[in-house]
Amino acid sequence: MKRNIQDQALSSRRITRRALVMGGMQLGFGALLLGRMRHLQVDQADEFLLLAEENRIKVRLIAPARGLVYDRNGVVLAGNEQIYRVSMIREDADDVDAVIAHLRGLVKLDEETLQRALREMDRRPHQSVTLADRLSWEDLSVIAVNVPALPGITPEVGLSRVYPLGHDYAHVIGYVGRVSERDIAEAEDPDPLLQTPQFQIGKIGAEKQLEGALRGKAGARRVEQNAAGRIMRELGRTEGRSGQDVQLTIDAGLQNFIQARLGQESAAAVVMDVRNGDVLAAVSAPSYDPNLFVSGISVPDYAGLRDNDHRPLHNKIVQGLYPPGSTFKMVTLMAGLEAGEIGGGDRFYCGGYTKVANRRFHCWKRGGHGWVDIAKSLRESCDVFYYELAQRTGIDRIAAMARKLGLGTAFDLEMTSVSEGLVPDRAWKRERRGEEWVIGDSLNASIGQGFVLASPLQLAVMTGRIASGLEVNPRLVRSVDGVARPSGVQGPLDIPRSHLDGARNGMYQVINAVGGTGGRSKFDMAGMKWAGKSGTSQVRNITAAERARGVVRNEDLPWGRRDHALFVGYAPYDDPKYSVAVVVEHGGGGSSVAGPIARDAIMYALNGGLPPLGAYPAAEREKADEVLSSLRLNPTVVRGRVKSEV
């Protein structure tokens, strides 16, 4: 009996402990639930409220205004214009086909643009896609009135890039275009703006190189939508930051003048301030209208540019590489002077050719120049003089001087596809060609033929360094957002003045002395004269048989087989300010074709406007007046008399 009572007491205590444990667990679980409920309802209330509101509140980016681009005098080169467009979000449309059919009944839609938009909506159904661009205000108003019956459709007012001076700056500024999938893929840290419908970014030229400064920062707006996806009201707005304005070193008047002066030639010209490196003009011809690319160029328009044998899409300023011809002779001369292989009184005899290993290297003058000193070698452009000098100097010294003068350098300029050209030497040929350098290579290089290649920009820099004695580098951007960029001058060249003076004196005689090859390009403007050097680079081999019967004249050859015409120069001769380089593809003679263009360009720069007829030699004035009067110039930027306007 006693044992039973003890068992019952023990059992009762076990039940009580079990009840306490169970009760404790229940209380703990209840407390946990209460804590979680408090966390969800109090601590995270704002977050869940936002998630709920996202069903009716959307945040949309506001594209900033792109920064403007000006010339050195404040002329707008790249601006923005207000446009009207209509966009659509596929997800928000009940029936895409029905909505578009309704829209077609209201406004005219371009079929090519519409089909491209439909394909884009298939890839990005949740994003806004533009159906029609550059609508009239009347069309936009009609759409806005009918928006309640057009689910997913949004009429918009935006900005688009415009280039007021069109052709003049296609190769310098470039153009913008719609963001492509490739652009997004190539971006290291894609800006959300790139997903904005019809957002434009720089594709080539300064527009691309200065994209970071010109783009700006996006703003945002919060809008309330109803269940059908229609915007009911704007709840808030955060303004973005416009892109920074950029001022170039280019002079719009000079640029337009040279563009007109080159006409439809396949050519390029560069004018540079030798005191600070400012590029005052950089022209590639023929050009094209960059406005065609802003909204997407049509297939026929692009085909016309692509198939043109004068290559208007090619930026000849920095991409065009040409044998510099006789404009390279100053390089060979100064290399010889630096090496001590020639002095001021030394002469070489030119009998019309130099013979090396049973091969004749001919001078351009069949009968030869006789005894030739330094001044005469440049004045009359004697090839044999430089053949002899090259054999003594050696290609490695010539190459070193070429690089010192800026050839073989890809300058850090705000343009795309800047080429470094080619300054060959022994190591280059061994590495690239697997062959040893031979004497014939040196002879060809000494007169700017063979492997040597240079761009018009490099030739302008080379001439500017010779003229100033400074290590001047080209500068295209003057300021960004009002902050000036540093000068392009790095300091004095490591070349003795006497060596530079030898080249300068010869270049002066090219234009101003009797017998100079550039005599037809002389001028005298308020006592200012200039110095220069012509060049004619061959693009075909002249056989011994052709030379025996007489070399065929350039004008008798098909255009693509004619020599390139080149001319470089600087002015004023006694106080250098500007250098110029002109290359006319397959133009023939440098002195007859490129020289007069270079003369007119540098006269405009010196005069600050169209050159006065009185500065031309009397015998040249009638022809100069005819040329200048026939030019189609833009009177808003060109200073001076303009007889034919656009």
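Residues numbered from 1 in each chain as written. Predicted model: local features only at pLDDT ≥ 70, side-chain atom pairs only at ≥ 80, totals over all residues. Heavy atoms only, no water.

Novice: Help me understand helix α4 (residues 111-123), please; the structure alone is not making it clear to me.
Specialist: For an α-helix, the turn length of 3.6 residues means that residues three or four places apart are oriented alike. Taking 1.5 Å per residue as the helical rise, α4 with its 13 residues ought to reach 18 Å, and the 19 Å between its terminal C-alpha atoms agrees with that figure. For α4, the complete set of buried residues consists of T113, L114, A117, E120 and M121. The arc enclosing the buried residues of α4, seen along the axis, measures out at 125 degrees, which places them on a common side. Exposed positions of α4 whose direction lies more than 90 degrees from the buried face are D122 and R123. For α4, the elements touching its buried residues are β3 (76-89), α3 (96-106) and β4 (128-135). (Helix = DSSP H or I, 4+ residues; strand = E, 2+ residues; numbered from the N terminus. Expected span 1.5 Å × (residues − 1). Buried < 20%, exposed > 50% of the residue type's maximum accessible area, 1.4 Å probe, protein only. Arc of directions from axis to C-beta. Contact = heavy atoms within 4.5 Å.)

Novice: Help me understand the environment of V583, please; the structure alone is not making it clear to me.
Specialist: One can find V583 in strand β23 (residues 578-584). Under the relative-accessibility criterion, V583 is labelled buried at 1%. C-alpha separation for the pair V583 and S284, spaced 299 residues apart in sequence, amounts to 9.7 Å.

Novice: Any chance you could explain the pairing of β4 here in plain terms?
Specialist: Each regular strand carries side chains that alternate between the two faces of the sheet. Most of β4 is tucked away: six of the eight residues are buried. The sheet contact formed by β3 and β4 spans five bridges and is antiparallel. Paired with M88 across the bridge in β4 is V129. (Pairing = 2+ DSSP bridges.)

Novice: Is there a simple way to think about unusual backbone geometry in this case?
Specialist: Most peptide bonds take the trans configuration, and most residues that are not glycine carry a negative phi. The omega angle of the peptide bond from A285 to P286 is -5 degrees, so this bond is cis rather than trans. Turning to its location among the elements, P286 is positioned in the loop between β12 (279-285) and α10 (291-294). With an omega of -15 degrees, the peptide bond between A571 and P572 qualifies as cis. Checked against the element boundaries, P572 lands in the loop between β22 (564-571) and β23. One non-glycine residue, S381, lies in the positive phi region at around 55 degrees. Structurally, S381 can be placed in the loop between α13 (374-379) and α14 (383-393). A positive phi angle, near 60 degrees, is found at S417, a position not held by glycine. Its location among the elements puts S417 in the loop between α15 (395-404) and α16 (426-433).

Novice: Could you clarify how one ought to interpret a nonpolar patch on the surface in this entry?
Specialist: Together, F29, L32 and L33 give the surface a local cluster of nonpolar side chains, amounting to about 330 Å² of exposed area. Topologically, L33 is positioned in helix α1 (residues 2-43). Its relative accessible area of 43% is what places L33 among the partly exposed residues. (Patch = residues over 30% accessible without salt bridge, like charges linked within 9 Å, V, L, I, M, F, W, Y side chains within 5 Å. Areas by Shrake-Rupley, 256 points an atom, 1.4 Å probe, with all protein chains shown as cover. Salt bridge = Lys/Arg side-chain N within 4 Å of Asp/Glu carboxyl O.)

Novice: Honestly, the nonpolar core in this entry has me stumped. Any pointers?
Specialist: As a rule of thumb, nonpolar side chains are buried together in soluble globular proteins. In terms of nonpolar packing, the biggest core is built from 137 residues, with L248, I258 and V271 touching the most fellow members. A total of nine residues in this core trace back to one element, the largest contributor, which is helix α21 (residues 590-607). Setting aside chain neighbours within four positions, we find I258 in contact with A269, V271, A281, V283 and A601. (Core = buried A, V, L, I, M, F, W, Y, C linked by side-chain atoms within 4.5 Å.)

Novice: Help me out: how do you make sense of α3 in this one?
Specialist: Of all the residues in α3, the buried ones are V96, V99, I100 and L103. Burial along α3 is one-sided: seen end-on, the buried residues are contained in an arc of 95 degrees. What points out from α3, more than 90 degrees from its buried face, is the exposed set D97 and G105. Against β3, α4, β4, α5 (137-145) and β5 (153-162) lie the buried residues of α3. N-capping of α3 is provided by D95, with a side-chain oxygen placed 3.2 Å from the backbone N of D97. (Polar contact = N/O pair within 3.5 Å; in protein donor to acceptor, adjacent residues only side chain to side chain.)

Novice: Help me understand the pattern of salt bridges in this model?
Specialist: For side chains of opposite charge, pairing can occur when their charged atoms come near one another. A full pass over the atoms with the stated rule returns 25 salt bridges. Two residues, E211 and R66, come together in a salt bridge whose shortest N-O distance is 2.7 Å. Of the two residues, E211 is situated in helix α8 (residues 211-215) and R66 in the loop between β1 (57-62) and β2 (69-70); the sequence distance between them amounts to 145 residues. Looking at E211, the relative accessible area reads 9%, which means it is buried. Judged by its relative accessible area of 10%, R66 falls in the buried class. Among the salt bridges present, the one from D501 reaches R504, with a minimum N-O distance of 2.8 Å. Taken together, the residues span about one helical turn, with D501 and R504 both in helix α19 (residues 497-512) at a distance of three residues. Here D501 falls in the partly exposed class, since its relative accessible area comes to 32%. Residue R504 is classed as buried on the basis of its relative accessible area of 11%. Each of R66, R161, E207, E211 and R215 takes part in one network of salt bridges that share partners.

Novice: Any chance you could explain the side chain of T249 here in plain terms?
Specialist: Along the chain, T249 turns up in the loop between β10 (246-248) and α9 (252-262). When sequence neighbours within four positions are dropped, the list of residues in contact with T249 reads R72, D278, V279, L280, R475, L476, V477 and R478.

Novice: I tried to follow the packing of helix α18 (residues 456-468) against α19 on my own but got confused; where do I start?
Specialist: In a packed pair of helices, the relevant descriptors are the angle between the two axes and the axis-to-axis distance. Where α18 meets α19, the closest approach of the two axes is 9 Å, and the angle between their N-to-C directions is 110 degrees. The angle between α18 and α19 falls in the class roughly perpendicular. The hand of the α18/α19 crossing is left-handed. Judged by residue contacts, T463, R465, I466, A467 and S468 of α18 engage L500, A503, R504 and M507 from α19. Considered class by class, the residues forming the contact of α18 with α19 number five nonpolar, two polar and two charged. (Axes fitted to C-alpha atoms, helices over the stretch in contact; angles between N-to-C directions. Parallel < 35°, antiparallel > 145°, perpendicular 65-115°, else oblique. Left-handed = near helix turned anticlockwise from the far one by under 90°. Nonpolar A, V, L, I, M, F, W, Y, C, P; charged D, E, K, R; others polar.)

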